[in-house]
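Take a look at the letters that make up each chain.
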Amino acid sequence: MFNTNLVHNILNLFGLVLGALLTVDWSGLGMSDVTAAKVAASVLLLSNVIKVTINLTRDGAKGILQPQPPVAANDSRAAADTKAAA
């Protein structure tokens, strides 16, 4: 099965790295400020288009508006021991 959550997380990480790179001077790479802004805007736009497409494909248009289901709790042994001790 295709792991859409992994794709979302990779795109989010890529956006984080791109945002960090935008804080430095891109002129060393031969880009002007305008070119760097256009590159960043294009990448972030593409990232969001991919995410919306994944959501539409996975959940349908109606699924995008529904609340996200709760995440299952991590019932590790350490957490169980802590609850028992309380």
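Throughout this description, residue numbers start from 1 for each chain and increase along the sequence as written. Two thresholds apply to this predicted model, a pLDDT of at least 70 for residue-level local features and 80 or more for giving and counting side-chain atom pairs, whereas whole-chain, interface and lining totals are computed over all residues. In computing side-chain properties, one takes all heavy atoms of the structure into account and sets aside hydrogens as well as water.

**Remarks on the overall build of the chain**
Rule in force here: Only DSSP runs of H or I covering at least 4 residues are called helices, and only runs of E covering at least 2 are called strands; the numbering of each starts at the N terminus. Accessible area is worked out with a 1.4 Å probe on protein chains only. A residue is then buried under 20% of its type maximum, exposed over 50%, and partly exposed in between. Surface accessibility follows the Shrake-Rupley procedure with a 1.4 Å probe radius. Residue values consider only the protein chains on display as shielding.
Secondary structure summary: the chain contains 3 helices and 0 strands in total. For the chain, the residues scored as buried account for 15% of the 86 residues in total. About 7,000 Å² of surface is accessible on the chain, with carbon and sulfur atoms providing 66% of the total.

**Points about helix α1 (residues 4–22)**
Basically, it comes down to this: Helices are assigned an expected span. That span is 1.5 Å times one less than the residue count. Our arc is simply the arc of the directions from the helix axis toward the C-beta atoms. Any two residues whose heavy atoms approach within 4.5 Å are treated as being in contact.
Its 19 residues place the ends of α1 27 Å apart at the C-alpha level, agreeing with the 27 Å of an ideal helix rising 1.5 Å per residue. Where α1 is concerned, the buried positions are Thr-4, Val-7, His-8, Leu-11 and Leu-18. Projected down its long axis, α1 shows its buried positions confined to an angular sector of 100 degrees, all on one face. Summarising the geometry of α1, the exposed residues directed more than 90 degrees from the buried face are Leu-13 and Leu-16. Tucked inside the fold, the buried residues of α1 contact α2 (33–65).

**Here's the deal with a nonpolar patch on the surface**
To keep it simple, the criterion reads: A patch consists of residues exposed above 30% relative accessible area that lack any salt bridge, with like charges linked at up to 9 Å and nonpolar side chains (Val, Leu, Ile, Met, Phe, Trp, Tyr) linked at up to 5 Å. The term salt bridge refers to a side-chain nitrogen of Lys or Arg lying within 4 Å of a carboxyl oxygen of Asp or Glu.
Taken together, the side chains of Leu-13, Leu-16, Val-17, Leu-21 and Val-24 make up a nonpolar region of the molecular surface, amounting to roughly 460 Å² of accessible area. Among the structural elements, Leu-21 can be located in helix α1. Judged by its relative accessible area of 43%, Leu-21 is partly exposed.

**Concerning the packing of α1 against α2**
The condition that has to hold: For every element, the axis is a line fit to its C-alpha atoms; helices are fit only across the contacting stretch, and the angle between N-to-C directions ranges from 0 to 180 degrees. If an angle is under 35 degrees, it is roughly parallel; if it is over 145, roughly antiparallel; if it lies from 65 to 115, roughly perpendicular; otherwise it is oblique. Handedness of a helix crossing follows the sense of rotation of the near helix relative to the far helix, less than a right angle counterclockwise being left-handed and clockwise being right-handed.
Contact pair α1 / α2: the axes reach a minimum separation of 11 Å and the direction vectors enclose 165 degrees. Taken as axis vectors, α1 and α2 run roughly antiparallel relative to one another. Viewed along their axes, α1 and α2 form a crossing whose handedness is left-handed. Across from Thr-4, Val-7, His-8, Leu-11, Asn-12, Phe-14, Gly-15, Leu-18 and Leu-22 in α1, the residues of α2 making contact are Ala-36, Ala-40, Val-43, Leu-44, Ser-47, Ile-50, Lys-51, Ile-54, Asn-55 and Arg-58.

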